[in-house]
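One-letter residues, chain by chain:
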Amino acid sequence: TIPKLSKAVVKQLNDLGFERSHFDISIETANEIATATSSGWDTIEFQFAPNVGEPARPLRAIASSGEMSRVMLALKTALALQDAIPLLVFDEIDANVGGETAGVVGEKMRQIAEQHQVICITHLPAVAASASAHYLVRKEVSDGRTISKIELLEPSERVAEISRMFGGQSEVARQHAKALLGLKH
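Definitions and limits used
Residues numbered from 1 in each chain as written. Predicted model: local features only at pLDDT ≥ 70, side-chain atom pairs only at ≥ 80, totals over all residues. Heavy atoms only, no water. Salt bridge = Lys/Arg side-chain N within 4 Å of Asp/Glu carboxyl O. Helix = DSSP H or I, 4+ residues; strand = E, 2+ residues; numbered from the N terminus. Buried < 20%, exposed > 50% of the residue type's maximum accessible area, 1.4 Å probe, protein only. Pairing = 2+ DSSP bridges. Patch = residues over 30% accessible without salt bridge, like charges linked within 9 Å, V, L, I, M, F, W, Y side chains within 5 Å. Areas by Shrake-Rupley, 256 points an atom, 1.4 Å probe, with all protein chains shown as cover. Expected span 1.5 Å × (residues − 1). Contact = heavy atoms within 4.5 Å.

### With respect to the pattern of salt bridges
Then step 1. Applying the stated rule across the entire model yields eight salt bridges.
Then step 2. Salt-bridge contacts for Arg110 lead to Glu107; the nearest nitrogen and oxygen are separated by 2.5 Å. Remark: Glu107 and Arg110 occur in helix α4 (residues 99-112); sequence separation between them is three residues, near one turn of the helix.
Then step 3. In this structure, Glu161 engages Arg164 in a salt bridge whose closest nitrogen and oxygen atoms are separated by 2.5 Å. Of this pair, Glu161 and Arg164 both sit in helix α6 (residues 155-166), three residues apart, which is roughly one turn of the helix.
Then step 4. In this structure Glu161 comes out as buried when scored by relative accessible area, which is 9%.
Then step 5. Salt bridges here are not isolated pairs; linked through shared partners, they connect Lys11, Asp15 and Lys108.

And the structure:
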């Protein structure tokens, strides 16, 4: 039901840094005279108020890209917890998220991965470090064509890749990568 889903999404949003936000779902059913469209009789709108004291408004109209990313993660997480979806794919769902929130997003994905297989495409070191396995995707030109390659990284390679994600191979970046991965310095 809608109230149950809304409550579950709000719980996930709390975990993602929206401690006092409001989320709801509105459904408008076309009148009996109207003809159904290719998407059905109903119009569904996600309503969101990220800040206290503001009324909930259509998510599509008010959310920043970072807020949209976190709301979609909360929604996908709430739905995944209610059914037996075996695989969840998050393609840069952490876009325009950073700092402490990036670590929370990574932790949220790690928690989801306890019950589901999760594939996450990310450019954030904190999210990548939360994974139990880290694959590197790279593009190469071969015989005049661009091909994509994917390779599973070994633990030492993960340190180098996460350091690169921080912006380089400095000792500070390597130490931070090791800390995120829970490795001894």
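This is not the end of the story, as more comes after the structure.
### Regarding the pairing of strand β7 (residues 145-152)
Then step 1. Among the eight residues that make up β7, zero are buried, leaving the element largely open to the surroundings.
Then step 2. Direction of pairing for strand β6 (residues 135-142) relative to β7: antiparallel, over a ladder of eight bridges. Bridging across to β7, Ser142 finds its partner in Arg145.
Then step 3. Here β6 folds back onto β7, and the loop between the two strands holds two residues, one of which, Asp143, carries a positive phi near 55°.

### Observations regarding a nonpolar patch on the surface
Then step 1. A cluster of nonpolar side chains, namely Leu87, Val89, Ile119 and Ile121, defines an oily patch on the protein surface of about 290 Å² accessible area.
Then step 2. Of all the secondary-structure elements, those providing two or more residues to the nonpolar patch are β4 (87-91) and β5 (117-121).
Then step 3. You can see Leu87 is positioned in strand β4.
Then step 4. When its relative accessible area of 38% is taken as the criterion, Leu87 is described as partly exposed.

### Considerations on helix α3 (residues 65-82)
Then step 1. Taking 1.5 Å of rise per residue, 18 residues should cover 26 Å, and α3 covers 26 Å from first to last C-alpha, within 8% of that figure.
Then step 2. Taken together, the buried positions of α3 are occupied by Gly66, Glu67, Ser69, Arg70, Val71, Leu73, Ala74, Leu75, Thr77, Ala78 and Ala80.
Then step 3. Each element contacted by the buried residues of α3 is listed here: α1 (2-15), β1 (22-29), β2 (42-49), α2 (59-62), β4 and α4.

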